[in-house]
Amino acid sequence: MIAEAGLAALWLAAALALLQLLLAFVPQLSGGGAHAARPLALAQGLLTLIAFAALIAVFVRTDTSVALVAANSHSAKPLLYKFAGTWGNHEGSMLLWVTVLSLAGASLALFERRVGTRMLVASLGAQAALGLGFYVFLLIASNPFARLDPAPAEGRGLNPLLQDPGLAFHPPTLYIGYVGLSVAFSLAVAALLTEQVGPALARAMRPWVLGSWIFLTLGITAGSYWAYYELGWGGWWFWDPVENASLMPWLAATALLHSLNVLAARGGLRTWTMMLAMVAFSMSMIGTFLVRSGVLTSVHAFAVDPTRGTFILGLLALYVGGALALFAFRAARVREGARFALVSREGGLVLNNLLLSVILGTVFIGTLYPLVAEGLTGEKLSVGPPYFNAVAGPVALLLGLLLMVGPLLRWRRHAAPIARWVTPSALVAVTALVISLAFAPGMSILSRLGLAVGAGLVPASLMPLVGRSLRRTPLVTWGMAVAHLGVAVTLIGMASDSAFTSETLAVAKPGDQLRVGPWLVEFASVDPVAGPNWTAIEAELRASRGGGVEVLHPQSRTFTAPPTETNESAIATVWNGQLYTVLGRARGDGWQLRLWWKPFVTLIWTGGALIALGGMLALAGRLWRGRRRREEEQ
Amino acid sequence: MSRRLLLFVPLALLLLFIGAGAWRLATPNDNLIRSKLEGRPLPAFALPPAVPAKPGLSSADLAAGKPRLVNVFASWCVPCIAEAPLLMRLKAEGVAIDGIAIRDRGEDVAAFLTRNGDPFERIGSDPESRVQIGLGSSGVPETFVIDGRGIIRAQHIGPIGETNLPAIRLALAEAR
């Protein structure tokens, strides 16, 4: 019954999306369309929410007569994973995608007061068109509510790698980010259609991009930490195609955020900004295609199926192709705004956009190169970290250098000397460089420069706050400073992890002592333990470096449904880094133990959180300022 | 290029992407990598010793009249630890095994061999993966069966497991 109700809600939502699309783009109907557009979008949001709640309900109750539940869940699974299992599969995650998409449309209808009615109707129409394709996809090719008759007595269980608290929140967070960018896409389409590209559009688009970008930042940061502790490889970024699929929309959205500022403040970069708004969501769709179709081999591909790939590729061609064609034909009519000097805030932001685009291009090419190479020459190859680090790394460092100057520049033309403002940061960077040369001569050049630029960025990011009354500084400026500080912190963490990590790999017996970095680790014991749906052997490690003792319990787990082995790492976090331990299999009369000491590795995710926090401050500032402006107008 | 044409660049890039995606969907990926060198002679190489106690490895050593295994490994590779006991067992059965240490340091290789056993007669050091790439090997560990004339007879990708031993023994017998 619940499943049928969910399916009915989904069909209804699809019908409303069709109606909304017709109202927006069929001229004969558009007279009454303006009034109906908002309620239609709201109703669609509500209906998809009902469908999604229905799917959660059948998962939580482990109703195995629903095929999706039978294939992906198990009654012995902890409640949290039954719940999270809803989107730990292809159909469920596509339903989540559609739900977020129509909720984005609903909130656009509910909150957007800055753009005119014509543009709102057009952008809701574009949003409905996006939704419609995914409704059809769900209802025809991947119905999440399909029944099984007879129903099996028990489900098959969820991939154990996914049975982790991180999974409960990582995909929804990323999806809100991915799909939230659809609003920027729809607004750009509407602006090109109604020929209203200008500062007002940028001010309307900015909070939506900012919101999605915050979620993407959090999702990527959390995903990186999840991979770090769950996969047991000790790495935090693998340049895996699926990771790249989440990084590309983030890079495009980051560039978009910066170019929107130029459009909002000075009316410049109009065509470029419209293109970025389209590219950002296109990257989300390309990412979804890469993940779902199995076109690229990846450790993350949990739900791969080529026929679904064909469908998503079709949607991609239709939507992104349509939007980019619209861009190609219409953008020539967009008039550019005020001119600016090379050395100016605009100039800095243009350079920022260029560098971010270079990184985006690098990641895009590296991700797709194996595919293209095989298509052209038949040769199989893979592109790994050496390429990405060597190409994207130096560009990111240039971006870091630019960040020391850019935020200090004035709009239009910067004439005043800036040496006074840049010197302190430059001094810090050079000092860090000299110290690293003196005390760590063996560092790789990229880590060394990363450390120096990161150190210099700490004062540089706070420089825009210097000399202002901190209480009267707008929240947006605070947000910028905090986010840029986050970049500095992340950079230092990355450089420190890659330069100073020490590793010990050994076959050890209880009673043995191992050394890793400054730590002395005593292998105390190995014991069997059991969980709700797994059994494991668990080691007890006692680690010390002069002070107190850290006790760690890494496990080697065997899951019963489906039967799989995983390594559960144990991590001790101290103020200056993490001790990371993994227990492997029994070897002869001992156990494989892998220990890492990773100084300041935690800064990577702390920085990510700071970047997101900066985004939140800026978003709060923008929304508050926008409300006050409207109140004044009234 | 005129501005008008530039505006079509994003669309062109998208079409390129869709073309590549459609091609891949039409010809699904085959993850099994077959060595193009099977049945062909080894590429010529001469690697310096990886550890002072043992000689290095050259292609001439592998054409000495008797079938041998060449194990591509590294001290930093965890699956290599997993297959180490099986290599030791093959050695005990009288199989001649040589090693190629990939992107490794002498003291690390020595420590690896002390800890996990040393089945190798010679170990060449391949710090830049040149010979590895020449062999058509994409990762560690991989194991090649070479016959007495220096011709590659079989390639095993990934760690040797208990279940792979019969196939390796068979390939060695056929290479005789």
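Residues numbered from 1 in each chain as written. Chains lettered and ligands numbered in written order. Predicted model: local features only at pLDDT ≥ 70, side-chain atom pairs only at ≥ 80, totals over all residues.

I'd like a rundown of the overall build of chain A, residues and numbers included.
A count of helices and strands for chain A gives 17 helices and ten strands. The C-alpha radius of gyration of chain A comes to 26 Å, within 12% of the 26 Å expected for a compact globule of 634 residues. If you line up chain A on its principal axes, its C-alpha atoms span 80 × 75 × 55 Å. Per-residue burial for chain A yields a buried fraction of 51% across its 634 residues. (Helix = DSSP H or I, 4+ residues; strand = E, 2+ residues; numbered from the N terminus. Rg over C-alpha atoms; globule rule 2.2 N^0.38 Å. Buried ≥ 20, exposed ≤ 12 C-beta atoms within 10 Å, placed from the backbone.)

Can you tell me about the overall build of chain B, naming the residues and giving the values?
Helix and strand content of chain B: six helices and seven strands. Along chain B, helices (α) and strands (β) appear in the sequence α-α-β-β-β-α-β-α-β-α-β-β-α when read from the amino end. Computed over its C-alpha atoms, the radius of gyration of chain B comes to 21 Å, more than 25% above the 16 Å expected for a compact globule of 176 residues. With the C-alpha coordinates aligned to their principal axes, the bounding extent of chain B is approximately 70 × 35 × 30 Å. Expressed as a percentage of its 176 residues, the buried residues of chain B come to 36%. Taking all contacts inside chain B whose residues are at least 6 apart in sequence as the whole, residues at least 24 apart take part in 74%. (Contact = placed C-beta atoms within 7 Å.)

Got a sec to walk through the interface of chain B and chain A? Specific residues and values, please.
At the junction of the two partners, chain B supplies 21 residues and chain A supplies 28 residues. Going through the elements one at a time, helix 1 (3-6) and helix 2 (9-26) of chain B are the ones with two or more residues in the side of chain B that touches chain A. Counting residues per element, the side of chain B that touches chain A draws most heavily on helix 2 of chain B, at eleven residues. Here the side of chain B that touches chain A is built from residues that sort into 14 nonpolar, three polar and four charged. (Nonpolar A, V, L, I, M, F, W, Y, C, P; charged D, E, K, R; others polar.)

An account of the sheet that holds strand 9 (residues 577-587) of chain A is requested, with residue identities and associated values reported.
By way of backbone hydrogen bonds, the strands of a sheet pair with one another, either parallel or antiparallel. Residues and elements named next belong to chain A. The strand order across the open sheet built from four strands is 1-10-9-8, with neighbouring strands paired in antiparallel fashion. Both outer strands of the open sheet, strand 1 (502-508) and strand 8 (570-574), are each paired with one neighbouring strand and no more. Recorded for the sheet is a direction-independent mean angle of 15 degrees between the axes of neighbouring strands. Where strand 9 meets strand 10 (residues 590-599), nine bridges bridge the pair, whose relative direction is antiparallel. Paired with T581 across the strands is L595, a residue of strand 10. (Pairing = 2+ DSSP bridges. Axes fitted to C-alpha atoms, helices over the stretch in contact; angles between N-to-C directions.)

Requested: an account of the nonpolar core, with residues and values cited.
Core analysis: the largest hydrophobic core is formed by 179 residues, its most contacted members being A184, A252, L256, A277, M278 and A280 of chain A. Not counting residues within four places of it along the chain, the set of residues in contact with A184 of chain A comprises M205, W208, V209, L256, A277, A280 and F281 of chain A. In terms of nonpolar packing, the next biggest core, distinct from the first, is built from 35 residues, L57, V70, V145 and L172 of chain B among them. (Core = buried A, V, L, I, M, F, W, Y, C linked by C-beta atoms within 7 Å.)

Tell me what's going on with the pairing of strand 6 (residues 555-559) of chain A, and back it up with residues and numbers.
Residue and element names in this part refer to chain A. Burial analysis of strand 6 places four of its five residues in the buried class, the great majority of the element. When strand 4 (residues 534-544) meets strand 6, the two strands line up antiparallel, connected through five bridges. Across the sheet, the residue bridging to W534 is F559, located in strand 6.

Give a description of the environment of G198 of chain A that names residues and reports values.
Residue and element names in this part refer to chain A. With respect to the helices and strands, the residue G198 is situated in the loop between helix 7 (165-194) and helix 8 (199-230). Residue G198 is classed as partly exposed on the basis of its 16 C-beta neighbours within 10 Å. Separated by 65 residues in sequence, G198 and L263 place their C-alpha atoms 6.8 Å apart.

For the sheet that holds strand 5 (residues 123-126) of chain B, give the residues involved together with the corresponding values.
All names here are of chain B. Read across the open sheet, the five strands follow the order 5-4-3-6-7; overall the sheet is mixed. Looking along the sheet, the strands with just one partner apiece sit at the ends: strand 5 and strand 7 (152-157). Within the sheet, the average angular offset between the axes of one strand and its neighbour, ignoring direction, is 20 degrees. With five bridges joining them, strand 3 (residues 68-73) and strand 6 (residues 142-146) adopt antiparallel strand pairing. Following the sheet pairing, R68 is matched in strand 6 by I146.

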